[in-house]
Amino acid sequence: MINLYFIGSAGSGKSSLTGAFMGWMRHQGYDAITVNLDPGIEKAPYVPDVDIREWIKLRDIMREYSVGPNGAQIIAADMLALNINEMKEIIESFETEYVIFDTPGQMELFVLRQSGKFLIDFLSAKQSIIGFLYDPIISRTPSGLITLMLQAASVQVRFNVPFISILTKSDLLDDDEREKILSWGRDLMELDSALHNEFPALRSQLNIEFLSALRSFGAEQTLIPVSSTDGHGMEDIYNAAQQVYYGGEDLSKD
Ligand SMILES: Nc1nc2c(ncn2[C@@H]2O[C@H](COP(=O)(O)OP(=O)(O)O)[C@@H](O)[C@H]2O)c(=O)[nH]1
Ligand SMILES: [Mg+2]
């Protein structure tokens with residue numbers, strides 16, 4: 001069983017990708033379920049098989065603790081792991097090959113607080129993969145892309161599980177823009193010179209050594225461009241995930 005966690009900044013497309021990838025898996029005849037870990041989600045673009053809202057409801061927390069929606073999000077994040085035994089049992093009862101996790105809208109609530117790490121470890125870190133989502137609008141500038149790489153590196157340090165990098169909503173980019181972002185991801189020299197074009201009087205320590213150090217995190221920065229809207233790239237996510245645990249071997253379809 002592989003646990004695939006989609007993690008990325010707010011609005012990067014986690015929930016949409018969970019739905020789109022699940023739809024693709026099902027269409028291919030692969031065995032998968034979805035788990036929603038976002039207690040704040042209003043309308044999921046898919047029907048979760050397991051849903052944190054069964055246990056945690058933002059509205060109840062707001063009432064019980066007399067806090068607003070932001071405070072409730074934080075409390076909810078800390079409560080994420082409370083029902084984890086039950087959740088694990090339910091997930092395992094599906095006896096499925098793939099479990100696709102949609103994580104909370106605010107990435108830092110999942111990444112920085114203890115419960116996210118605890119949850120991934122508890123649900124068997126051995127078989128986990130993180131799909132880190134790069135928002136295309138942020139990735140369009142060198143400084144934006146580097147910022148996301150830094151976030152990706154921090155997610156890697158934090159969870160220490162295999163990692164794939166996904167450029168979401170690629171339908172919003174024209175061909176040139178998409179190619180530019182992908183080649184920045186592949187070639188740090190290019191990213192470095194683009195950064196110097198963006199900031200001709202660059203003052204910070206964002207130099208090529210820094211970028212190389214960033215890359216040495218083992219962040220395989222081969223960005224996989226996908227679109228949840230037109231379904232582009234779903235197979236590439238699957239192949240990348242299979243590559244991590246099975247050296248690319250195909251699952252048996254049923
Ligand atoms: N054009 C386009 N929009 C997308 C795509 N994926 C997500 N969106 C939109 O981006 C916004 C945020 O998506 P969502 O999945 O809720 O992001 P999350 O906060 O990371 O879960 C929504 O308005 C989606 O409709 C995509 O592949 N293409
Ligand atoms: Mg979401």
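The rules behind these values
Residues numbered from 1 in each chain as written. Chains lettered and ligands numbered in written order. Predicted model: local features only at pLDDT ≥ 70, side-chain atom pairs only at ≥ 80, totals over all residues. Near = placed C-beta within 6 Å. Helix = DSSP H or I, 4+ residues; strand = E, 2+ residues; numbered from the N terminus. Nonpolar A, V, L, I, M, F, W, Y, C, P; charged D, E, K, R; others polar. Axes fitted to C-alpha atoms, helices over the stretch in contact; angles between N-to-C directions. Parallel < 35°, antiparallel > 145°, perpendicular 65-115°, else oblique. Contact = placed C-beta atoms within 7 Å. Buried ≥ 20, exposed ≤ 12 C-beta atoms within 10 Å, placed from the backbone. Pairing = 2+ DSSP bridges. Core = buried A, V, L, I, M, F, W, Y, C linked by C-beta atoms within 7 Å. Arc of directions from axis to C-beta. pLDDT = per-residue confidence, 0-100.

It is worth spelling out the site of ligand 1 at this point. In the vicinity of ligand 1, 16 residues are found, and the nearest of them are Gly 13, Lys 14, Ser 15, Ser 16 and Ser 228. Top contributing element to the shell around ligand 1 by residue count: helix α1 (residues 14-28), with three residues. Each residue belonging to the shell around ligand 1 can be placed in one class, and the counts come to two nonpolar, 11 polar and three charged.

So, about the packing of helix α8 (residues 142-159) against helix α10 (residues 188-198). In contact at an axis separation of 8 Å, α8 and α10 are set at 130 degrees when each is read in the N-to-C sense. In terms of orientation, α8 lies oblique with respect to α10. Judged by residue contacts, Pro 142, Ser 143, Leu 145 and Ile 146 of α8 engage Leu 191, Ala 194, Leu 195 and Glu 198 from α10.

Among the seven residues in strand β5 (residues 128-134), seven count as buried, and that is most of the element. Side chains of β5 alternate between two faces, with Ser 128, Ile 130, Phe 132 and Tyr 134 and Ile 129, Gly 131 and Leu 133 buried alike. Both strand β1 (residues 2-8) and β5 contribute to a ladder of six bridges, which runs parallel. Opposite Phe 6, over in β5, you have Gly 131 as the bridge partner. Pairing between β5 and strand β6 (residues 163-167): five bridges, direction parallel. Residue Phe 132 lies in a different strand from β6, and its bridge partner there is Ser 165.

Ile 7 and Ile 166 are the most contacted members of the largest nonpolar core, which totals 58 residues. In terms of residues, this core owes the most to one element, α8, which gives seven residues. In this structure Ile 7 touches Thr 103, Met 107, Phe 110, Val 111, Ile 130, Phe 132, Leu 133 and Val 155, once residues within four positions along its chain are discounted.

Let us look at the environment of Ile 56. Secondary-structure assignment places Ile 56 in the loop between β3 (50-51) and α2 (58-65). Taking the C-beta count within 10 Å as the criterion, Ile 56 has 21 such neighbours and is therefore assigned buried. The spacing of Ile 56 and Ile 75 is 19 residues in sequence and 9.9 Å in space, taken between C-alpha atoms. Beyond its immediate chain neighbours, meaning those up to four positions away, Ile 56 contacts Pro 39, Ala 76 and Met 79.

What follows concerns unusual backbone geometry. Within the chain, Ser 66 stands out as a residue other than glycine whose phi angle is a positive 50 degrees. Inspection of the secondary structure assignment puts Ser 66 in the loop between α2 and α3 (69-79). Taking the C-beta count within 10 Å as the criterion, Ser 66 has 9 such neighbours and is therefore assigned exposed. The phi dihedral of Lys 169 falls on the positive side, at around 50 degrees, and the residue is not glycine. The topology assignment puts Lys 169 in the loop between β6 and α9 (175-186).

This part is about the sheet that holds strand β4 (residues 98-102). Two orientations exist for strands paired in a sheet by backbone hydrogen bonds: parallel and antiparallel. Taken in spatial order, the seven strands of this open sheet run β3-β2-β4-β1-β5-β6-β7, and their pairing is parallel. The sheet is open, and its two edges are formed by β3 and β7 (224-225), each paired on a single side.

This next bit is on helix α6 (residues 114-122). Every buried residue of α6 is listed here: Ser 115, Gly 116, Leu 119 and Ile 120. One side of α6 holds all its buried residues, which, seen down the axis, span an arc of 130 degrees. Those residues of α6 hidden inside the fold are in contact with β1, α3, α4 (84-93), α5 (107-111), β5 and α8. Once α6 ends, the next one or two residues include Ser 124, with phi positive near 75 degrees.

Let's shift gears to the environment of Trp 184. Assignment of secondary structure puts Trp 184 in helix α9. A residue is classified by how many C-beta atoms lie within 10 Å of it, and Trp 184, with 24 of them, is buried.

Another point: the confidence of the model for the protein chain. With 94% of its residues at a pLDDT of 70 or more, the protein chain shows a mean pLDDT of 90. Taken element by element, the predicted model of the protein chain shows its lowest mean pLDDT in helix α11 (residues 208-215) (77) and its highest in α1 (98).

With respect to the secondary-structure elements, Lys 14 resides in helix α1. Exposure remark for Lys 14: the 28 C-beta atoms within 10 Å place this residue in the buried category. Along the primary structure Lys 14 and Val 157 are separated by 143 residues, whereas in three dimensions their C-alpha atoms are 20 Å apart. Residues within four places of Lys 14 in sequence aside, it is in contact with Phe 6, Gly 8, Asp 102, Thr 103 and Leu 133.

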